[in-house]
Each structure stands twice: as structure tokens, then as C-alpha cells.
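Descriptive structure summary
Spelled out from the first residue to the last, the chains are:
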Amino acid sequence: MQNIIETEKASTQSLQINWQNLVIVSSFHVLAVVALFYFSWANLAVMLIFNWLVASLGIGIGYHRLLTHRSFKVSKWLEYGLTILGSLAIQDGAIKWVTTHRIHHAYTEEEQDPHSTRESFTWAHVGWVLLGRAQEHDLTTCARYVPDLMKDKFHVIFSRYYYVSTIILGVLLFAVGGWSMVFWGIFLRTVIGWHSTWIVNSVTHFWGTRRFMTQDDSTNNGLVAFFSFGEGWHNNHHAHPTSARHGLTWYEFDQNWLTIRLFQKLGWAKQVKIHNLPDKETN
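Residues numbered from 1 in each chain as written. Predicted model: local features only at pLDDT ≥ 70, side-chain atom pairs only at ≥ 80, totals over all residues. Heavy atoms only, no water.

Regarding the confidence of the model for the chain
A residue-level look at the chain finds 93% of positions with pLDDT of 70 or above and a mean pLDDT of 92. Contacts from residues 1-13, a stretch scored under 50 in pLDDT, to residues over four places away or in other chains number 22 contacts. (pLDDT = per-residue confidence, 0-100. Contact = heavy atoms within 4.5 Å.)

A few points about the pattern of salt bridges
Counting across every chain of the model gives ten salt bridges. For Arg 70, the salt bridge goes to Asp 148, with nearest N and O atoms at 3.2 Å. Taken together, the residues span a long stretch of sequence, with Arg 70 in the loop between helix H3 (41-68) and strand S1 (73-74) and Asp 148 in helix H8 (residues 147-150) at a distance of 78 residues. A residue is classified by how much of its surface remains accessible, and Arg 70, at 25% relative accessible area, is partly exposed. A relative accessible area of 29% means that Asp 148 is categorised as partly exposed. Residue Lys 76 is joined to Asp 152 by a salt bridge in which the shortest nitrogen-to-oxygen separation is 3.2 Å. Placement of the pair is Lys 76 in helix H4 (residues 76-87) and Asp 152 in the loop between H8 and helix H9 (153-160), with a sequence separation of 76 residues. For Lys 76, a relative accessible area of 43% corresponds to the partly exposed category. (Salt bridge = Lys/Arg side-chain N within 4 Å of Asp/Glu carboxyl O. Helix = DSSP H or I, 4+ residues; strand = E, 2+ residues; numbered from the N terminus. Buried < 20%, exposed > 50% of the residue type's maximum accessible area, 1.4 Å probe, protein only.)

Some details on the packing of H3 against helix H5 (residues 94-106)
One way to put it is that H3 packs onto H5 with a least axis distance of 10 Å and a crossing angle of 65°. When the axis of H3 is compared with that of H5, the two are roughly perpendicular. The two elements H3 and H5 cross, and the hand of that crossing is right-handed. Contact with H3, carried on its side by Ile 59, Tyr 63, His 64, Leu 67 and Thr 68, involves Ala 94, Trp 97, Val 98, His 101 and Arg 102 of H5 and no other residues of that element. Class assignment for the residues of the contact of H3 with H5 results in six nonpolar, three polar and one charged. (Axes fitted to C-alpha atoms, helices over the stretch in contact; angles between N-to-C directions. Parallel < 35°, antiparallel > 145°, perpendicular 65-115°, else oblique. Left-handed = near helix turned anticlockwise from the far one by under 90°. Nonpolar A, V, L, I, M, F, W, Y, C, P; charged D, E, K, R; others polar.)

If you want it as C-alpha cells, here you go:
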């Protein structure tokens, strides 16, 4: 295994700092630390509830399993609702996020992979966000990788102004609990959400177990799965990308799958795609 703290390859060194992303990421981390000086049980509750709504329903289920991989189908009201929740993660609009992730699956750990771990651990975790324009795709690229979303007027318009939902939430939190609740409900929650997404890109390509001999370095990592609501069963996912279920055995807890299963029982989710292991492998 390569040294995970090796210097970035020449290809990444030639990239310029993305100052917009650097300022945003740095500012949010500073304000997340400030939040710790304003603890209250109400603030903690707001942070935990919105972390689940945004990181699980918005990113894991909405942006990832629904919009990127089309692992199941839902009515437009639910698709758009999950998209709005996903926008609160401040990981860009759905169109660019999905484009990035579909490119990742098409070229995993190849030169075209936006956050290849073959560059280094730090590149896969956050370097790709702070250097270059990895997620700033042009219309031609988006049209190639997400033609389904580009045909939807809601996604096209909302992806341009995805940050408005965070501004509205910030105003509401300020009205309820002042700046301390904003610090917890926006800044601390967002930073936790960023890292719970980034560790799927980085940690699960370095540490874990491999059930499937995929062409990439993806692994299953239970600790990452815990913090990412089931996204850490990454080797399972790379082996069967369209499966709505990532945790394939009883001990691979997958919160996002349980929610999708609930949607299915309520009649909200249909045509749910799942991969099941042979009975002898599930015990």
C-alpha cells in the first residue's frame, strides 16, 4: 500500500487552489469550533436531527442512491424533497454532485476519477475539493453524465441556487435559537456531514474488508458505515452500484436501506433494486 500521506502526484500539484472552496471550507471549520463554546441540549438536538435529515435522507438516499444510481423510483414530490434536503449539505447542487459521482464510478481510481485514492489519501479526502475544478462541470459534461436530470426543469434551476435553502434554514434557526443554534445547526452540522461523506471517498478505499474482488480498492468499513448511515459498505456498493441495499448481511447495519425499505412499505418507493447474497453467505 502506498504511503497515504505521500506528496500529491505532479498532476495534482499543477492544479491551482480553488480559493472559493478553500475560503468556504476553512470558514465553516472555524465556525464549527466556535459552536462548541455554545453547547446546549437544544442545539445538540437540532444538529443531530438535521444531520440525519441532510446526510442520510438528503445525501445518502437522495443524491446518491436515488439520483445517481436510480436504485428505486419515487414520486416527484419525494424526489424533489430529498433533493432539497441534500442541498443543505452544501456539497453543490444535485446535477454537479451526481455528475461527479457517476464519473467516479465510470473511472474509479483512474486518471479521470475526481477523487482517486491512487493520488493519495489526502487528495481523495479533501484535496480534490480544494484544488482545481473537479466538481465545476460544464454543460457538455453534465449533459453526457446526467441527461435525466438535465431534462428536469426543477433540477436545472434548483441546482443553480441550491445554497438558498441553507440561507433560509439559517434564518429560521436564528429566529428560534439565535446565533448559537445557527453555529450548531448550520456550521458544525455541515462540517460533520462533509467529513462523513469524504471518509467514504478516502477511508473505505484504504481500510476495510473486501467481499467482492472489484477492479478498484473499495472496502467495507463498519465504522465509516456508522457515521455515514450505511454508505461505508463501499465494496458491496462498487460491486453492485444500482443496489438500494449496501449492507448485505444482518451485521452490516444500513440505516439508509432501512429508510428506503420503509418508503417501499408506505408505497412511496417502487421498483427497488437490491442485490442479495446467497443464503450460505448471509449467516
